[in-house]
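So you can see what is in the structure, the chains are spelled out below.
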Amino acid sequence: MSTEQTTAIVLRTVEFSETSLIVTLLTKDLGQVSAIAKGARRPKGPFEGSLDLLAVCRVVIIRKNNDSLDILTEAKLHRRFRGADRSLERLYGGYYVAEMLRLLLDDHADHPDVYDLTIKVLQQLDGTGPVASSLAFFDLQILRMLGHAPSTESCIDCGTSLSLEARIPFAIEGGGIVCRSCRSRQRSIVMVRAETMRLINVIQNPNLDAPIPISNNHYGELRSVLNRYIQNVLGRLPRMQAFLPMIAKNEFIA
Ligand SMILES: [Zn+2]
């Protein structure tokens, strides 16, 4: 057993008993952690409302060495996620981020870059940032950080550098663009415009540190490829993906 202090983002809370919650946290230093918060459901419990979804807290966690759950002993609220006060799109954007993190991250795998990215994206959603463009930025950056970046410059099969012209075959299962000769060996090909591939390339670049506004012209195709690509990486459909068109609606009035 060891006691650790770190900052954390609340990704999910589940009722555990009449007085306790199981909390899933994305921590800055310990990766994703599930811990029991004893007394968290009592009206004047030790956590005083700090365990709201997407709240950022300073936490103290007792780590267990065996299979039993870690214990959350303190959570001091730094910042509440106020997406709900601003708009339904911002709230649902927050839900989408929380779900993607839970589905993509393994417990205890340490990803400080993913933590920093999430803080940045929540600030956009919580403030005046473009919601749909911020979510595309989040998706492409986290996929890259976790080793799932789609190949946008060379064939996934033979490695040949490809010039991005007209429409390019993109293999959803293969994980990126594919040349004419390797194409027949790939299943689930979608044809993607060269400018959309270039945009994916820009948005997943490690040096990009804030979302870039995506034009109405490019968003539809980008989101559609990304949705199918993410479903393949996860092996399932994220529940909040169905809300993305509604989230994007006000941002992309032609
Ligand atoms: Zn090839």
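Calculation rules
For every chain, the first residue of its written sequence is number 1, and the numbers climb from 1 along that sequence. Two thresholds apply to this predicted model, a pLDDT of at least 70 for residue-level local features and 80 or more for giving and counting side-chain atom pairs, whereas whole-chain, interface and lining totals are computed over all residues. The side-chain figures draw on all heavy atoms in the structure; neither hydrogens nor water molecules are used. Strand pairing is defined by DSSP finding a minimum of two bridges between the two strands. Every helix listed is a DSSP run of H or I at least four residues long, and every strand listed is a run of E at least two residues long, numbered separately from the N terminus. Helix axes are fitted only over the stretch in contact, all axes being lines through C-alpha atoms; the angle between N-to-C directions runs from 0 to 180 degrees. Contact criterion: two residues are considered in contact whenever any of their non-hydrogen atoms come within 4.5 Å of each other. Buried residues of nine kinds, namely Ala, Val, Leu, Ile, Met, Phe, Trp, Tyr and Cys, make up a nonpolar core once their side-chain atoms join them within 4.5 Å. Think of it in three bands: residues with accessible area under 20% of the maximum for their type are buried, residues over 50% are exposed, and the middle band is partly exposed, with areas taken using a 1.4 Å probe on protein chains only. Roughly parallel here means an angle under 35 degrees, roughly antiparallel means over 145, roughly perpendicular means 65 to 115, and every remaining angle is called oblique. It is the rotation of the near helix from the far one that decides the hand of a crossing: anticlockwise by less than a right angle makes it left-handed, clockwise makes it right-handed. The nonpolar class holds Ala, Val, Leu, Ile, Met, Phe, Trp, Tyr, Cys and Pro. Asp, Glu, Lys and Arg form the charged class, and all remaining residues, Gly among them, are polar. In this analysis, rings of Phe, Tyr and Trp, with Trp reduced to its six-membered ring, are considered paired at centre separations within 6.5 Å, and the interplanar angle assigns stacked below 30 degrees, edge-to-face beyond 60, and tilted for intermediate values.

The sheet built from five strands closes into a barrel, its strands ordered 1-2-3-5-4 with mixed pairing. On average, each strand axis in the sheet is inclined to that of its neighbour by 50 degrees, with strand direction left out of account. Sheet strands touched by helix 2 (residues 88-104): strand 1 (2-15), strand 2 (21-27) and strand 3 (31-37). Its angle to strand 1, the strand with the most contacts, is close to 115 degrees. Packing against the sheet, helix 3 (residues 112-126) makes contact with strand 1, strand 2, strand 4 (56-63) and strand 5 (70-79), and its axis sits at approximately 50 degrees to strand 1.

A few words now on the nonpolar core. Proteins that are soluble and globular tend to have nonpolar side chains buried together. Ranked by internal contacts, the top residues of the largest apolar core, which has 59 residues, are Ile9, Leu101 and Phe170. Examining the composition of this core, we find that 10 residues originate from one element, helix 4 (residues 131-145), more than from any other. Beyond its immediate chain neighbours, meaning those up to four positions away, Leu101 contacts Leu11, Leu26, Gln32, Val114, Thr118, Phe138 and Ile142. Counting residues in each nonpolar core, the second largest holds 17 residues, with Leu25, Ala35, Ala55 and Ile61 among its members.

For the pair helix 2 and helix 3, the least separation of the axes is 10 Å and the interaxial angle reads 170 degrees. Here helix 3 runs roughly antiparallel to helix 2, going by the angle between their axes. Crossing of helix 2 against helix 3: the hand is right-handed. Together, Arg90, Gly93, Gly94, Val97 and Leu101 of helix 2 and Val114, Thr118, Val121, Leu122, Gln124 and Leu125 of helix 3 make up the contact between the two elements.

Here we take up the packing of helix 3 against helix 4. Running from amino to carboxyl end, helix 3 crosses helix 4 at an angle of 175 degrees, the nearest separation of the two axes being 10 Å. Accordingly, the angle class assigned to the pair helix 3 and helix 4 is roughly antiparallel. For the pair helix 3 and helix 4, contact is made by Asp113, Val114, Leu117, Thr118, Val121, Gln124 and Leu125 and by Val131, Ser134, Leu135, Phe137, Phe138, Gln141, Ile142 and Met145, respectively. Taken together, the residues that form the contact of helix 3 with helix 4 break down as 10 nonpolar, four polar and one charged.

Sheet architecture is open: three strands sit in the order 7-6-8, paired in antiparallel fashion. Of all strands in the sheet, those with a lone pairing partner are strand 7 (176-177) and strand 8 (189-193), marking the two edges. Packed onto the sheet, helix 5 (residues 194-203) meets strand 6 (167-171), strand 7 and strand 8 and runs at close to 90 degrees relative to strand 8.

Once that is clear, we can look at the packing of aromatic side chains. One pass over the full model with this rule turns up three aromatic pairs. With 6.0 Å between their ring centres and 70 degrees between their planes, Phe170 and Tyr229 make a pair best called edge-to-face. Highlighted residues: Phe170 in strand 6 and Tyr229 in helix 6 (residues 216-234), separated in sequence by 59 residues. We note that Phe170, like Tyr229, is buried. In this structure an aromatic cluster arises from ring pairing among Tyr92, Tyr95 and Phe243.

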